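Residues per chain, in single letters:
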Amino acid sequence: MSGIDVITGDITVVDTDVIVNAANSSLLGGGGVDGAIHRAGGPAILRECRLLRETTLPSGLETGAAVATTAGDLPARWVIHTVGPVHSARDDRSATLRECYIRSLRLASSLGARSIAFPLISGGAYGWPLDDAVDQQVRAVKDANSTVESVVLVAFSEKIADLTRRALR
Ligand code: AR6
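Residues numbered from 1 in each chain as written. Predicted model: local features only at pLDDT ≥ 70, side-chain atom pairs only at ≥ 80, totals over all residues. Heavy atoms only, no water.

Participant: Please set out the pattern of salt bridges residue by residue, giving values where relevant.
Facilitator: Tallied over the entire structure, the rule returns six salt bridges. Its salt-bridge partner being D91, residue R93 comes within 3.0 Å of it at the nearest N-O pair. Taking the relative accessible area as the measure of exposure, D91 reaches 39% and is therefore partly exposed. R165 is the salt-bridge partner of D162, the closest N and O atoms lying 2.9 Å from each other. With D162 and R165 both in helix α5 (residues 158-168), this residue pair falls three residues apart, about one helical turn. The class of D162 is partly exposed, set by a relative accessible area of 36%. Residues joined in a network through salt bridges with shared partners are E158, D162 and R165. (Salt bridge = Lys/Arg side-chain N within 4 Å of Asp/Glu carboxyl O. Buried < 20%, exposed > 50% of the residue type's maximum accessible area, 1.4 Å probe, protein only. Helix = DSSP H or I, 4+ residues; strand = E, 2+ residues; numbered from the N terminus.)

What follows is the structure, encoded as structure tokens:
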């Protein structure tokens, strides 16, 4: 069972073994945390993403799946890219959102990582209501029962940090 901590700030400066990127299926970059990770990590990350698209992932990464690359110039050793679902009021996609966390933790464990940091997947451009995005995150990380020793939930605002601490209690 992992220890779970909450911090507020920028995930690109966190020095866990793995940081997780809330990517899109193209793996070729975007805004939000994805843009921040590619900017701070330098071109090596995009190079590996392009290689994945040319080899094992020609159609991109499916929603809920996870794949690892170098972390380039970041303090972390690996970036795990995962694709959260776009929020829908009609269609319950929360199991897919939890899969992002579960599959990232499984991949981190297989890499031998001892620590991992997550942003609030789908909590920005993909439109998930923040309180439910946080609840899904906390439930998934707890249920995953991972061997990764330390999980850091990186909140990008004090409001998200408060919601996260409340969900953990
Ligand atoms: N560190 C930590 N959290 C951050 C940072 C940062 N540097 N920057 C933003 N956040 P989003 P999504 C928070 O939109 O909803 C991209 O264009 C942000 O405040 O990054 O999964 C991708 O390419 C929010 O709480 O990811 C996709 O197209 C959370 O990270 C799409 O957006 C997630 O917001 C993915 O959308």
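Participant: I'd love a proper account of the environment of I45, names of residues and values included.
Facilitator: Within the secondary structure layout, I45 lies in helix α2 (residues 43-54). C-alpha separation for the pair I45 and G29, spaced 16 residues apart in sequence, amounts to 9.7 Å. Contact partners of I45, with chain neighbours within four places excluded, come to I37, H38, T69, T70, A71, G72, L74, V79 and H81. (Contact = heavy atoms within 4.5 Å.)

Participant: So, empty space enclosed by the protein: which residues are in play, and what are the values?
Facilitator: Within the structure shown, the criterion is met by one cavity of 30 Å³ or more. As a volume, the largest cavity reaches approximately 40 Å³. Lining the largest cavity are V6, F118, P119, L120, Q137, L153, V154, A155, I160 and T164. The greatest single-element share of the lining of the largest cavity, amounting to three residues, is contributed by strand β6 (residues 150-155). (1 Å grid on protein atoms, 1.4 Å probe; cavity = no way out; pocket = protein on both sides within 12 Å on 5 of 7 lines; lining within 4 Å. Points joined across faces, edges and corners; volume = space filled by probe spheres on them.)

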